[in-house]
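Reading the structure
Chain residues, written in single-letter form:
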Amino acid sequence: MSQPSAGFHERLQALSPDRQQAFMAALCERLLPNYALYAQMTGSGNPAGLRAILDLVWEQLSVREARIDFERQAEKLAELEPPADDDSFGARRAVEVVVALSSLLDTLRGGSPDAVLEVSRISKGGVRAYIELTEGEEDAGRLAKLVREHPLMADENDFQDAVLEAAEGKLDREALKALRRLGRNDGVSNLGLEAG
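1. Considerations on the packing of aromatic side chains
The geometry of two aromatic rings is summed up by the distance between their centres and the angle between their planes. Per the counting criterion, the structure on display carries 2 aromatic pairs. With a centroid separation of 6.0 Å and an interplanar angle of 45°, the aromatic rings of F89 and Y130 are classed as tilted. One end of the pair, F89, is in helix 5 (residues 89-108); the other, Y130, is in helix 6 (residues 115-135), and 41 residues separate them in sequence. Accessibility classification places F89 together with Y130 in one group, the buried group. A cation sits over an aromatic face here: R93 above F89, 4.5 Å from the ring centre.

Next up, the structure:
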């Protein structure tokens, strides 16, 4: 069912820039609840600010003529990052959301050819960190096997495969709406969490 890793990465890199952006936007959608949960728990952060930036990305993908200043959006995004001195698990997951969205904005500003791989890795890395935190396995070999076979990681791999397939298909306005709904995942993040 899921593609071999090299095949997956090659397919991602073979996508046109706008298709890569659609893939990243869908992954960012699925990461957003992690940031919202962090904001809810700590009282810091601005989920509405992130939501607004991601909405502009979708607008740019749907309306080619849209003229959006992504330089300014990147500046706004930088202000939404959790404080550098907060090294909590929640803060690290919230930072991942900001970094993933920042990578996506980099591509909209004309750079960052590896951003699509970076966003894919960020999402999988958060799942790995969550499994490591919740399973508490000391043995590195057993932990690696546990991570590989964990239902959350299987779900993450299946999700990314589904998004990639969608991004490879016809990508008109309706398809983009469907991809966005897929990314929203009924409000459940890649960690299986939802913000209240």
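What follows continues from the structure just given.
2. Brief notes about the pattern of salt bridges
For side chains bearing opposite charge, pairing can occur when the charged atoms are close. Applying the stated criterion across every chain yields a total of 18 salt bridges. A salt bridge links R51 to D55, with the shortest nitrogen-to-oxygen separation between them at 3.0 Å. In this pair, R51 and D55 both sit in helix 3 (residues 47-62), 4 residues apart, roughly one turn of the helix. Given the relative accessible area of 23%, R51 is considered partly exposed.

3. Points about helix 5
With 20 residues, helix 5 ought to run about 28 Å at 1.5 Å a step, and its terminal C-alpha atoms sit 29 Å apart, in line with that. Most of helix 5 is tucked away: 14 of the 20 residues are buried. Directly after helix 5, the chain includes G110, whose backbone phi takes a positive value near 100°.

4. As for the confidence of the model for the chain
For the chain, per-residue confidence averages 93 on the pLDDT scale, and residues scoring 70 or more make up 97% of the total. Here residues 1-5 is modelled with pLDDT under 50, and outside its nearest four sequence neighbours on either side it reaches 7 contacts, counting other chains as well.

5. Quick look at the side chain of E96
Secondary-structure assignment places E96 in helix 5. Here E96 is in contact with I122, G125 and G126, once residues within four sequence places are set aside.

6. Details of the packing of helix 2 (residues 17-42) against helix 5
In contact at an axis separation of 8 Å, helix 2 and helix 5 are set at 155° when each is read in the N-to-C sense. With respect to each other, helix 2 and helix 5 are oriented roughly antiparallel. Read as a crossing pair, helix 2 and helix 5 show a hand that is left-handed. Between helix 2 and helix 5, the contacting residues are Q21, M24, A25, C28, L31, L32, N34, Y35 and Y38 on the first element and G90, A91, R93, A94, V97, V98, A100, L101, L104, T107 and L108 on the second. In terms of residue class, the contact of helix 2 with helix 5 is made up of 15 nonpolar, 4 polar and 1 charged.

The rules behind the values
Residues numbered from 1 in each chain as written. Predicted model: local features only at pLDDT ≥ 70, side-chain atom pairs only at ≥ 80, totals over all residues. Heavy atoms only, no water. Phe/Tyr/Trp six-rings, centres within 6.5 Å; stacked < 30°, edge-to-face > 60°. Helix = DSSP H or I, 4+ residues; strand = E, 2+ residues; numbered from the N terminus. Buried < 20%, exposed > 50% of the residue type's maximum accessible area, 1.4 Å probe, protein only. Lys NZ or Arg CZ within 6 Å of the ring centre and 35° of its normal. Salt bridge = Lys/Arg side-chain N within 4 Å of Asp/Glu carboxyl O. Expected span 1.5 Å × (residues − 1). pLDDT = per-residue confidence, 0-100. Contact = heavy atoms within 4.5 Å. Axes fitted to C-alpha atoms, helices over the stretch in contact; angles between N-to-C directions. Parallel < 35°, antiparallel > 145°, perpendicular 65-115°, else oblique. Left-handed = near helix turned anticlockwise from the far one by under 90°. Nonpolar A, V, L, I, M, F, W, Y, C, P; charged D, E, K, R; others polar.

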